[in-house]
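As a plain string of letters, each chain reads:
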Amino acid sequence: MELWIGAVNLGFLYAFMAIGTYITYKLYSFPDITIDGTFTTGAATASILIVNGWNPLTVLPVAFLVGSLAGFITGFIHTRFRIEGLLAGILVMTGLYSVNLHIMGKSNIPLLNDPTFVSLLAFYNPGLNPEFWNFLVLITTIVLFWMVVSLFLRTDFGLTMRSTGNNPVMIAAQGVSVVRNKIFGISLANGLVGISGALIAQYQGFADIGMGIGSIIFSLASVIIGEAILHSRSIFIQVLGVILGSVIFRLAVALALYLGMNPNDLKILTALFVLATLITTQFFRKKHEGRFTRMFHHHARIFRWSFLILFVLLFVFFVVKNRPKKENDAHRPRIGLLLANQSSLMTNTRNGFYDELRKLDYRPGENCEIIELNAEGDIPMNRTMVDHLVSAGVDVLVPVSTASTQAAITKVKEIPVVFATVANPFSIQAGFSDSNHLPNVTGVYGSAPSYELLKLFTMMKHGKQKIGTLYNPAFPNTKVNLADLHKALKSYPQLELSEVSVSGTSEVYQAAQSLAAKGISAFILINDLTVFNALESVIRVSRAQKIPVYSNDAERLQDGVLLVYGYEYYVSGMQAAHLVDRVLKGENPGKIPFERFKITSFGINYDMADQLGVIFPDSIRKAATITFIHNKLNKQPLVLPEDREIQTKTH
Amino acid sequence: MNIQTEKWNNFLIIHLEGRIDGLTSTGFQRKVDQLTAEGHLKLILDFSRVIFMSSAGLRVIIQITRSLRPIGGEVILMTLPDQVRELFRVSGMEPFLKVVSGLEAIMPQSTSGPGEAISSRLDFGEFAVDWMALTGKTGQLLLLGDPDKLASSAYPEGDCHRVKPSEFRFGAGLAALGDDYNDFSNLFGETVVTDHHFFSFPAVTRPGVDYAFYTAEADHPFNFLYGFGFPGDFSGVFRFDFTGESPDLGQLLKAAATVASSSVFGVVMLGVSQGLQWMHLKKVPVLENQPPSGNIFAEDIFHAWMNFSPEREELNKTIITTGLVSRDPELIPERVRSFIPEKGGMHLHGIVFENGLLSRDIRDFETELARVARDFRAEKVVHLLPSSRLKSGFIGIINLDLH
Amino acid sequence: MTMIEIAGLTKLFNAGSLDEVLALDDVCLEIREHDFLTVIGTNGSGKSTLLNVIAGNIIPDKGIIRIKGKEVTRHPDFKRAKYIARVFQNPFQGTAPDMTIAENLLMAWLRGKHRWPLLSLNRKIKSFFRDQLASLDMDLEKRLENVMGTLSGGQRQAVTLLMAVLQTPDVLLLDEHTAALDPKTAAQVIRLTRKFVEEHHLTAIMVTHSMNQALELGNRTIMMHHGRIIDDISSEEKKKLTIDDFLNKFEDIRKQEKLTPELIGRLKALYC
C-alpha cells in the first residue's frame, strides 16, 4: 500500500511542476525545456540551504525565486532576442547544469540527518502511518494550491496572461506588453518547478545533479493526461486535471515498476505517449474530413472516458493479480537487490554476490528468492524501486552503488540494508564510523588506494615527474577518490599533478590529449565512471604519445592499461553476500561494522610494456597477482581471506 | 436545347430543338448574337422540333427581330408548334412576326451577297476591302482657327469661331455649344460633326458627351477654337470585314489614299472597334488656363492636361470618325499643314458609341451613319491615333478642294 | 484640436534587397479631433503601413508621430494602447478565441490600465457587458459565457468593434475590418462602425479597399499610392464625388507612371 500512497504523494509534489508546464505549454504554447534544469536548481538551492541550517519551509520561497530567475532568463532570451522557444530553453537548461553544480558544490547532497518537511510532518504526526499522514497534509496543501492557482488565473492579471497566450496581437492592442507578460509567465512557471524540485529533494532525502532529466516530458505527460480525463473550459477543472494527471502519471510509473517493467522502456513509453497525444491534438484541431475521424471527434468524450476506465481497470487487475503472496513464502528468505545502472561495476558486484551466495548454499528460486531491480541510471527511480522492494516484502535490501544506497537508507528504517560498491558511506550519512552507523544498515565500502598506485609509479619512474589525471566532478565517488589522490600526493613531493575535468565521455579524448601536451610521464587514473566508460580514448593517446596509463581500476588491465592497482567489485559482491548471510541468520546489522574491500588486485600488462618500451622491475613482476601477456589474462581465483583460512584449515 | 444551323440560299436556317425557357434562352440568345456578329442577318428559325417555349424565349425572338430589322436583316419563324403559336398570339406579338409553315413559302432573293453586283474587291496585299465608286464632286475644305495655339493653351476669346451647322456636313475640331463665351469657355473639347450633327466631349473633370442634332429650323451655331469641315459628297465607299487581327487605321487609310485624288482628303468612317488608341484634353486650352511654362506638353503637367490610352482600349464599340488624311506629307498645302499632326499624316476625331449591330450592305453606309448618330448612346469623343483598329465597317472618301 | 500629427514619415522595407519597397515616402498628415478619416489606395500603396506605424506595430525609419501633442514615434504598440483602439482585418486577430466573450470584453475594459490580480469579472460588470452587447443587436447578450471561437466572423468583428470603444479611445484604427466578411455581415459591421463613431464622437482612421465605404463613411478621405498621399478630400468635396472619380484618379496615376518624355513627345506629334 505504501508504494501507491507514496506514488500519490510524489504526484502531488510533482504537481507544482506540472502546473508550471501547464502555464507555459497550455497558456503560451511554449514547451519550456528549461524546467529540466530548474527542477534541479530548486532542489539544489533548497538542499544547500537546509544543510546550512535553514528551515525546510522557508527554503521554498527561495527555490521559487531561483527557479523564476532561470525562467526569466529563458523568457528574456526568447522574447528579446527572438530565439526559438525550445532553443532558448535548451540553452538555459545546459547553462543551469553548471550553475547547479556550483550551487551544490558536489553532485549530490544528502539530507538524511537534516530537517526536511517530511521530518517536520513526522514531528506533528498524531500517530498515523507516516506515508498516510504525509498524504493527508499534502492533499490539503494541494487543494489550497489548486484554489489559489485557479483563482489567480481568473483575476484580471491571470486573464491577461491567458489572453496573451491565446492571441498576442489582441492583447498587445489592449495595451499589454506581450514580451513582459510572457517573461512573467515563464518565470512564474519555473518558480513553481523550483518549488517542486525543492519538495522532491526533501521528500527523497537528497538532491542530485541528474534528478531533473526528463522533467519536461514527464510534466507534459501529466498535463496531457489531465486534459484527457477532465476536458473542460473551466479553469478550475483544467488545473484540477493537471494535478490529477501528475498523480496518475506517478501511479502509472509505480504500476509499471510493480509489474517489473524495465525503467528504460518506461521512458520511451512516456515519450511515445506524449508524442501520440500531441499528434492527436493536432489531428483534432484540424477537423479533418472522413468518417472515422468525424466519429472519433464526435465521441471524443466517450473515448476519453473509456480510456480512463480501461486504465483504472487494468490498474486494479494488475494490482490484485500481482499482490505479493507473503504468507506462502514466509519460510524462504527474500533478498532485494537494487542496481543503479548497467555498468560493469554493477554487474561484477552482482556476479560476485550471486556466486558467493551459492557457495553459502543459497539457491535462488529454491531455498531463497532474489528480486533484482535496475534503476537504469535514473537517480529518482531508485526511490520508487526501494518502495517497490519494500512492498514486495524483502527480508534484506542490497543496494549496489552510492545512489541506490542513498535511496535505500533514506526510505527504509525497519528492514536491514546491506550495501555494496559504495566509495564512502559516511558522505551519504550512513554512519559516522565503521562501527557507529545506522541501526539497520551495514555494507561493504572502500575507494581505490591512490597511495599504493603512486608508490608503484615511483618504483617504475624515479625522480621528479609530471603526472596527469582526468575525472568527471559530477560523480560523488569521484570527489572522494580525488581527495584521496591529493592526500597521497603529499607523500610524494617529487610528483607534480596536472588535472583536467570532463563532463562527458565525448570530452575524454581531448582532455587526455591536453594532458599529454603538458608533458606528463603517466596518466594516473582514479576511479571515475565517465573515464571508465571512455578509457579507450585515454589508451589511444597513451599508445600514440607513449605515455603509460596507471589505473585504480582493476578490471581494465587487458584494455591497454600498463598497471592496475585496486579493487575488483566482484569482491564487494562476495563480501556483501557474507553480510547478507549473517543478517539472515539473525545478526543485528547495527552491530555489524562496515567492511572495507578485503582483496586488492595488482596487475601488469606485458604486451603494453613492450609497446611503450617499458620494463617492469623484478619486485613488481613478483608482486603482480594478474598479468596480461600475449593477449591472455592470467589471474588467480578470488578467494576471501576467511575462506582461505577455512581452506587452509581443511588442507 | 440543341441548335443546328444550315445555309439556305441567302438565309441561315437555325434548327431549334427541345425547350426554350428561362434556363436555355440565354444560350439561345448568345448563339444568335454570335451568328449575327458573323454577318448572318437573314435568319429562319425552325421550330419543328421545339417542344415548349416560355416567354423568356419570346423575349429573345423579339429582341433579335428588333435588332436585325433596321440593318437589312430578317427573321422568319417556321413550323411553329401550337403551344408556341398560342404564346405569340396571347402576347400580341403575332402581327410583328413573319411566320411561315415551310421553306416553300419563302421567296428566295437573289443569291448574290450584299453589294456584290455594285462593288468590286480591292486587294492591298495584307488585306482586301470592297469598293463602291460614287460620283461625289470635290468639296470645299473649310478651315477654322489655328491649331498651333493649342500646345501653348493660347486661345483668347477672340479666337472663337462661330459656325452654322448647315455650313458643312462632316468635320472635327475643338468646339463647344452655347451662346455666351463665358458660359462655354470651359466646355471646349474634342468634337465631331457628322451629318451636321454635333458631338463634343468637354475637357472637364467629369466629361459627358454633349451633342446637338441638326434641324434646319434651329440652326444653332457651333463655337470652334479650331476645326475643319467639308461637304458630304463621297467619291466612293470602302467596306471591310476582317477576321483575325485587323490592319490599323494608318494602314487602312493609306489604302484609302490610293483611291483619293486630292492630296489631303476627307474621311468619314463607321465601324466596330478592335482596340482604340486615343487622346483627349482634360483642360480647355484657352488663355486663362495657360500654364506658366506655356507648354501643355511639359513633362510635369502633361498628365493634368491630357488623357490618353496607354494601350489599345475599347473593344466592339461602334465608332463614327471624321477627319483629314494626307496622301503624302510633302504635298500638304501650307494653309492645311497645321491641321495635320506632324506624325501619322491624319487628324481623326471619333465618337465612341455603345456596341450594336451594323448593316453589312455597302449601300447602307449613309443610312447607317445617320441611324447610329441618332439611336446609339455616345460615350466619348476622342482624338484617334493611327494605331487604332476597326474590325469591320465603312470608310467614305471625300476629295477636297484645299484652297 | 489636433489629435494626430504625422510629419516626414518614411519606411523602407527590405532595404538593399531586390524587393525593396518604399512603403511610406515622406508622409505628412494632420488629423483633427473628431475627424473620421477613410484611407483608400492601391495594393501596396502603404495605407496599411501607415496604420501600423500609427498603432506602433511598425517603427518608421524617419519622421515623427504625435498623438495629442505627445511624441510616440518610437513607442511600441502596447504603450500607445491607452490612446488607440484597433480593429483588424482578420476577425481572428481581434479577439482571444479560447476565452469567453465576457473575458475578452474585460481585457478591452482594462485597455491601457494596469492589470492587478483582482477578480474584476463580477456580476456587476457582466451586466454592464450584457447591456453593451445588446447594442450590437446580434443576440450576443445571452452568450456572455460562450467562448469567442464559437462566434461567426461577423459576430467576432462586431465584438472587436465593441471592445475597441468600451473604453472610449482617443483614436480608433480600423484596418480593412470588413474585408474578410460577406457583404451582408460587412454592411452590419459598417453600420455599427458608423453608430459607434457617432455616439462616442470618436477620432477614427479607417483603411478600406472599398471605394463605396471610403465615400460613404467619414468626413475626410485620403488616397494613397506608392507610399504617398496623392489626394486629401474634404467632407464638402466628398459629397460631389462618385466612385468613378476614385477609379479615374487611380487610372490617372497608373497612366502618369507610364509617361516618359519620349512618350509625351510621340503623343504630342500625333496630336498636333
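What you see is a predicted model; the values in this text were computed from it and never measured.

**Thoughts on the overall build of chain A**
For step 1, the next point in the chain: Helix and strand content of chain A: 26 helices and 16 strands.
For step 2, the next point in the chain: When the 651 residues of chain A are sorted by exposure, 58% land in the buried category.
For step 3, the next point in the chain: Summed over its atoms, the accessible surface of chain A is roughly 27500 Å², and 61% of this surface lies on carbon and sulfur atoms.

**With respect to the overall build of chain C**
For step 1, the next point in the chain: A tally of regular secondary structure across chain C gives 10 helices and 10 strands.
For step 2, the next point in the chain: Taking 272 residues into account, the globule formula puts the C-alpha radius of gyration at 19 Å, and chain C, at 21 Å, falls close to it.
For step 3, the next point in the chain: Each principal axis of the C-alpha atoms in chain C carries an extent, and together these give about 80 × 40 × 40 Å.
For step 4, the next point in the chain: Residue burial in chain C is summarised as follows: out of 272 residues, 52% are buried.
For step 5, the next point in the chain: Sequence separation of at least 24 residues holds for 67% of the intrachain contacts in chain C that already meet a minimum separation of 6.
For step 6, the next point in the chain: Total accessible area on chain C is roughly 12100 Å²; 50% of this is exposed by carbon and sulfur atoms.
For step 7, the next point in the chain: The distance from the centre of the 37 positive side-chain charges to the centre of the 35 negative ones in chain C is 4 Å.

**What about the interface of chain B and chain C?**
For step 1, the next point in the chain: On the chain C side, the residues contacting the 26 residues of chain B number 21 residues.
For step 2, the next point in the chain: Between chain B and chain C, a total of about 2200 Å² is buried, with carbon and sulfur atoms accounting for 64% of that surface.
For step 3, the next point in the chain: Applying the counting rule to chain B against chain C returns four salt bridges.
For step 4, the next point in the chain: When the shortest N-O distance is used, the salt bridge between B:Glu311 and C:Arg254 registers 3.9 Å.
For step 5, the next point in the chain: Those elements that place two or more of their residues in the side of chain B that touches chain C are strand S18 (278–281), helix H6 (302–305) and strand S19 (306–308) of chain B.
For step 6, the next point in the chain: Here the residues of the side of chain B that touches chain C sort into 14 nonpolar, four polar and eight charged.

**Comments concerning helix H23 (residues 569–584) of chain A**
For step 1, the next point in the chain: If you check H23(A), its first and last C-alpha atoms are 22 Å apart, about what 16 residues at 1.5 Å a residue would give, namely 22 Å.
For step 2, the next point in the chain: Following H23(A) by one or two positions, A:Gly586 has its phi on the positive side, about 105°.

**Things to note about the sheet that holds strand S9 (residues 220–225) of chain C**
Residue and element names in this part refer to chain C.
For step 1, the next point in the chain: With respect to topology, six strands assemble into an open sheet ordered S6-S7-S8-S3-S9-S10, the strand pairing being mixed. Edge positions in the sheet fall to strand S6 (84–87) and strand S10 (228–234), since each of these pairs with one other strand and no more. The sheet shows a mean angle of 20° between the axes of neighbouring strands, direction not considered.
For step 2, the next point in the chain: Pairing geometry for S9 and S10, over six bridges, is antiparallel. Bridge pairing in S10 links threonine 221 to isoleucine 233.
For step 3, the next point in the chain: Across the sheet, helix H5 (residues 153–166) lies against S6 and strand S7 (171–175), angled at about 175° from S6, the strand it touches most.
For step 4, the next point in the chain: Against the sheet, helix H9 (residues 243–258) touches strand S3 (36–41), S9 and S10, its axis set at about 25° to S9.

**Let's talk about a nonpolar patch on the surface**
Residues and elements named next belong to chain A.
For step 1, the next point in the chain: A cluster of nonpolar side chains, namely Leu69, Phe72, Ile73, Phe76 and Phe81, defines an oily patch on the protein surface of about 480 Å² accessible area.
For step 2, the next point in the chain: Tracing the backbone through its elements, the reader meets isoleucine 73 in helix H3 (residues 59–80).
For step 3, the next point in the chain: The exposure class of isoleucine 73 is partly exposed, given its relative accessible area of 39%.

**With respect to the domain arrangement of chain A**
All names here are of chain A.
For step 1, the next point in the chain: Segmentation of chain A into domains returns domain 1 (2–213), domain 2 (328–445 + 572–596) and domain 3 (450–567 + 599–650).
For step 2, the next point in the chain: Its C-alpha centre places domain 1 at a distance of 43 Å from the equivalent point of domain 3.
For step 3, the next point in the chain: On the domain 3 side, the residues contacting the seven residues of domain 1 number five residues.
For step 4, the next point in the chain: Summed over both partners, the interface of domain 1 with domain 3 comes to about 370 Å²; 57% of that surface belongs to carbon and sulfur atoms.
For step 5, the next point in the chain: At the boundary of domain 1 and domain 3, one finds zero salt bridges.
For step 6, the next point in the chain: Between the two partners, domain 1 and domain 3, sit one residue pair in polar contact (both at pLDDT 80 or more).
For step 7, the next point in the chain: Here the residues of the side of domain 1 that touches domain 3 are counted per class, giving three nonpolar, three polar and one charged.

**Quick word on the packing of aromatic side chains**
For step 1, the next point in the chain: For the coordinates displayed, the defined rule picks out 48 aromatic pairs over all chains.
For step 2, the next point in the chain: Judged by centre distance (5.6 Å) and plane angle (35°), the ring pair of B:Phe124 and B:Phe127 falls under tilted.
For step 3, the next point in the chain: Here B:Phe302 and B:Phe308 contribute two aromatic rings whose centre-to-centre distance is 6.1 Å and whose plane-to-plane angle is 50°, an arrangement assigned as tilted. When sorted by exposure, B:Phe302 lands in the same class as B:Phe308, which is buried.
For step 4, the next point in the chain: Through successive ring pairs, a cluster of aromatic residues spans B:Phe124, B:Phe127, B:Trp131, B:Phe238, B:Phe240 and B:Phe242.
For step 5, the next point in the chain: A cation sits over an aromatic face here: A:Arg250 above A:Tyr14, 3.7 Å from the ring centre.
For step 6, the next point in the chain: Directly above the aromatic system of A:Tyr509 lies the positively charged group of A:Arg540, at a separation of 4.2 Å from the ring centroid.

**Digging into the arrangement of the chains**
For step 1, the next point in the chain: There are two pairs of chains in contact here; the most contacts are made by chains A and C.
For step 2, the next point in the chain: Between chain A and chain B there is no contact; the minimum C-alpha to C-alpha separation amounts to 35 Å.

**A closer look at the confidence of the model for chain A**
For step 1, the next point in the chain: Per-residue pLDDT for chain A has a mean of 85; in total, 89% of the residues score no lower than 70.
For step 2, the next point in the chain: Here residues 646–651 of chain A is modelled with pLDDT under 50, and outside its nearest four sequence neighbours on either side it reaches one contact, counting other chains as well.

**Side note on the interface of chain C and chain A**
For step 1, the next point in the chain: Facing 30 residues of chain C, the contacting portion of chain A comprises 23 residues.
For step 2, the next point in the chain: The largest per-residue losses of area from chain C upon contact with chain A belong to C:Phe78, C:Met107 and C:Arg115, which jointly make up 27% of the total buried on that side.
For step 3, the next point in the chain: At the boundary of chain C and chain A, one finds one salt bridge.
For step 4, the next point in the chain: A:Arg162 is the partner of C:Glu103 in a salt bridge, and the nearest nitrogen-oxygen pair spans 3.7 Å.
For step 5, the next point in the chain: Where chain C touches chain A, the interface holds 10 residue pairs in polar contact (both at pLDDT 80 or more).
For step 6, the next point in the chain: For the side of chain C that touches chain A, the secondary-structure elements that each account for two or more residues are helix H2 (77–80) and helix H3 (101–109) of chain C.
For step 7, the next point in the chain: Here the element with the most residues in the side of chain C that touches chain A is H3(C); it accounts for five residues.
For step 8, the next point in the chain: For the side of chain C that touches chain A, the per-class residue count stands at 19 nonpolar, six polar and five charged.

**Concerning the environment of B:Gly266**
Residues and elements named next belong to chain B.
For step 1, the next point in the chain: Along the polypeptide, glycine 266 turns up in strand S17 (residues 264–276).
For step 2, the next point in the chain: A residue is classified by how much of its surface remains accessible, and glycine 266, at 0% relative accessible area, is buried.
For step 3, the next point in the chain: Among residues more than four places away in sequence, those in contact with glycine 266 are Phe230, Gly323, Leu324, Gly396, Ile397, Ile398 and Leu400.

About the cut-offs
- Residues numbered from 1 in each chain as written.
- Chains lettered and ligands numbered in written order.
- Predicted model: local features only at pLDDT ≥ 70, side-chain atom pairs only at ≥ 80, totals over all residues.
- Heavy atoms only, no water.
- Helix = DSSP H or I, 4+ residues; strand = E, 2+ residues; numbered from the N terminus.
- Buried < 20%, exposed > 50% of the residue type's maximum accessible area, 1.4 Å probe, protein only.
- Areas by Shrake-Rupley, 256 points an atom, 1.4 Å probe, with all protein chains shown as cover.
- Rg over C-alpha atoms; globule rule 2.2 N^0.38 Å.
- Contact = heavy atoms within 4.5 Å.
- Lys, Arg positive; Asp, Glu negative; His and termini not counted.
- Charge placed at Lys NZ, Arg CZ, Asp CG, Glu CD.
- Buried area = accessible area lost by both parts, 1.4 Å probe.
- Salt bridge = Lys/Arg side-chain N within 4 Å of Asp/Glu carboxyl O.
- Nonpolar A, V, L, I, M, F, W, Y, C, P; charged D, E, K, R; others polar.
- Expected span 1.5 Å × (residues − 1).
- Pairing = 2+ DSSP bridges.
- Axes fitted to C-alpha atoms, helices over the stretch in contact; angles between N-to-C directions.
- Patch = residues over 30% accessible without salt bridge, like charges linked within 9 Å, V, L, I, M, F, W, Y side chains within 5 Å.
- Domains from an automatic or database assignment.
- Polar contact = N/O pair within 3.5 Å; in protein donor to acceptor, adjacent residues only side chain to side chain.
- Phe/Tyr/Trp six-rings, centres within 6.5 Å; stacked < 30°, edge-to-face > 60°.
- Lys NZ or Arg CZ within 6 Å of the ring centre and 35° of its normal.
- pLDDT = per-residue confidence, 0-100.

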